[in-house]
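Remarks on the overall topology
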Amino acid sequence: MNIVAPHGSVAPGKLDISSTSKVPSTRLVTVEMRKMLDTRAGLWLIIAIVAITALITVIFFFAAPDDERTFLNYIGIMATPQGFLLPVMGILLITQEWTQRTGMVTFTLEPHRGKVIGAKVAAALVFGLIAVALACAIAALATAVSGAPGAWENIGIDDFAKFTLLQVTGVLQGLAFGLIFLNSAAAIVTYFVLPIAFSIVASLWGALEDIAPWVDLGTSQTPLFEGRNLTGEEWWQIVTGTVIWVVLPFLAGLVRVLRAEVK
Amino acid sequence: MISLENVTKRYGQFTAVDDVSFVAQTGKVTGFLGPNGAGKSTSMRIMVGLTPQNGGQALIGGHRFADIPNPSRHVGVLLDASAQHAGRTGREVLRLSAETMGVRRERVEEMLELVGLSGTEAKRRVRNYSLGMRQRLGIANALLGEPSVLILDEPVNGLDPAGIHWMRGLLRNFAGRGGTVLLSSHLLHEVEMIADEMVLIGRGKIVAQGTKDELLHTAGTYVKPEDPAALQQALQTANITATPSGDGGFRSESEPIDVGRAAAVAGVVLTELKRAEGAGLEEMFLQLTSDDARDSSITTEGVNA
């Protein structure tokens, strides 16, 4: 069995790399998607996202009054459980390389770490968008079964856009927290505890409550659930909330990963 | 060929790798030998760009590792056999790598066979692997891309004697086909068995390097007579200085032929007469090891006592 590649030598001791092409980014994305499905933890997380989305639909179907079983309400109730779990997926996709120490292999196979992180972001977004599509499909099915009067009314492109924005932001925030902590437990706990801690502090300290829509992503995103048009100010609050909780942590984490020693 | 030129890595005040330069030649197995914590792993991580160095440069076949496109097709790397996702199966670990590198699927099965991981073993999760199995999986992973250079950190660690023998055959064969192998170890005898060339590192500095013959062949003789007193007398007469080695034999700086002649003249019967091999290297290595081991032995004894 041939274990050494028959590379033509340029000069003694020189590696001829002229005929080798780089690892294409598309391949890295497929590999990252595969990494999310090939462990029990990852697979069960995905199964949990699908199952909970379906389950909450069934619960709502039986619990809600007939006239509230509208398409938009179905989408609305799915946003919360998905919004909890999709960021965890983002976190795990990053932190498994450190918690399980596979980064030593991953970043040797592709030493350009930015490319690997980019592939992880793309893979997580693909999963996020699949979750959004799935939610819409299940909601449509449930609405059709419910047959409530006016269940399909007032649905606009912007409703889909808002829902997608919410879930995609959640995925990106998960990735950002993963990059900052490089540790699954720390990232997940912080992701869930920080907003709670924020509201506790805000309830005690009124000044913080006043600026909450600007600095607390959960508060600034609330209008997205309310099924109405957002004011210009509300959009800006979403922008600042996203910058503080997603963009800045992501950039800081990225810098850390690009510079850090992988052990 | 792997070449390091004045590579230095500092962690605050501590210099883990101190101005290290050496070359691992094409077609040779080079052993990178040193006690734990001497800077072997750090040097190897620097070679593949996982650890940024503070100075100097490490080149593989004339390139920085990061400049080699799809580097696993040229350089096979095993840095830590335990650094694998415990929840993946052995086969899945290799498939992920194969997919990244863009090599055929069958290559995974070929490599599993080459390293002796059976079908049922490949289906088990890495969590349930012994260290020896993880090493084999790591070797398979390193060979997957048909590289011409191998960088292996403590690959023999955890292998049984048969496994060490197998590894020796594999790496010799690889080097014999024109490959370059650099493997590290903290055990002199492991490296002695496998490597052609040796680089000895201690406390971040290279302390010796050369071919195995150069390093192991120190001038000197080991001689064991039937009657120690008679031999001592005979050697004194012949003006040969010798020191008892504690087992009824003697070590001398002189050549075996001179010691043999002196014994023959005096009519002393010898039971052993040979060139004293490896004494210099072994001594140097023991000194390196004991210097570092002393601090740690105090703490471990303290805990155990």
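Residues numbered from 1 in each chain as written. Chains lettered and ligands numbered in written order. Predicted model: local features only at pLDDT ≥ 70, side-chain atom pairs only at ≥ 80, totals over all residues.

**Points about the interface of chain A and chain B**
- With 38 residues of chain A at the interface, the matching set in chain B holds 47 residues.
- If one sorts the elements of the side of chain A that touches chain B by residue count, helix α1 (residues 25-37) of chain A sits on top with 6 residues.
- Within the side of chain A that touches chain B, the residues separate by chemical class into 17 nonpolar, 11 polar and 10 charged. (Contact = placed C-beta atoms within 7 Å. Helix = DSSP H or I, 4+ residues; strand = E, 2+ residues; numbered from the N terminus. Nonpolar A, V, L, I, M, F, W, Y, C, P; charged D, E, K, R; others polar.)

**Looking at the pairing of strand β9 (residues 205-211) of chain B**
Residue and element names in this part refer to chain B.
- Sheet analysis places strand β8 (residues 197-202) next to β9, joined by 6 bridges and oriented antiparallel. Residue pairing in the sheet places Gly-202 in a bridge with Lys-205 of β9.
- Between β8 and the antiparallel strand that follows it, β9, lie 2 residues; Arg-203 among them carries a positive phi value of about 50 degrees. (Pairing = 2+ DSSP bridges.)

**Quick notes on the confidence of the model for chain B**
All names here are of chain B.
- When pLDDT is averaged across chain B, the result is 89; 92% of the residues are at 70 or more.
- The weakest mean pLDDT in chain B belongs to helix α11 (residues 279-304) at 56; the strongest belongs to strand β6 (residues 149-152) at 98.
- Both scores are available for the predicted complex, with the pTM at 0.85 and the ipTM at 0.88. (pLDDT = per-residue confidence, 0-100.)

**Considerations on unusual backbone geometry**
Residue and element names in this part refer to chain B.
- Of note in this structure, Asn-6 is not a glycine but carries a positive phi near 50 degrees.
- The class for Asn-6 is exposed, based on 12 C-beta atoms found within 10 Å.
- With phi around 60 degrees, Asn-239 is a residue other than glycine that occupies positive phi space. (Buried ≥ 20, exposed ≤ 12 C-beta atoms within 10 Å, placed from the backbone.)

**Side note on the sheet that holds strand β4 (residues 55-60) of chain B**
Residues and elements named next belong to chain B.
- With antiparallel pairing, 3 strands are arranged side by side in an open sheet as β2-β1-β4. A strand with exactly one partner marks an edge of an open sheet, and here the two such strands are β2 (14-24) and β4. Going across the sheet, the axis of each strand differs from the next one's by a mean of 20 degrees, ignoring polarity.
- Alignment of strand β1 (residues 2-11) against β2, held across 7 bridges, turns out to be antiparallel. The partner of Ile-2 across the bridge, within β2, is Ala-24.
- Strand contacts of helix α1 (residues 40-47): β1, β2 and β4, with the helix running at about 115 degrees to β1, the strand carrying the most contacts. (Axes fitted to C-alpha atoms, helices over the stretch in contact; angles between N-to-C directions.)

**Side note on the sheet that holds strand β7 (residues 180-185) of chain B**
Residue and element names in this part refer to chain B.
- Strand order across the open sheet formed by 6 strands is β5-β6-β7-β3-β8-β9, with mixed pairing between neighbours. On the outer flanks of this sheet lie β5 (75-78) and β9, each paired with one strand and no other. The mean inter-strand angle of the sheet, taken between neighbouring strand axes irrespective of direction, is 15 degrees.
- Here strand β3 (residues 29-33) pairs with β8 via 4 bridges, running parallel. Residue Gly-31 lies in a different strand from β8, and its bridge partner there is Met-198.
- On top of the sheet, helix α6 (residues 161-176) reaches β3, β6 and β7; it is set at about 150 degrees to β7, its chief contact.

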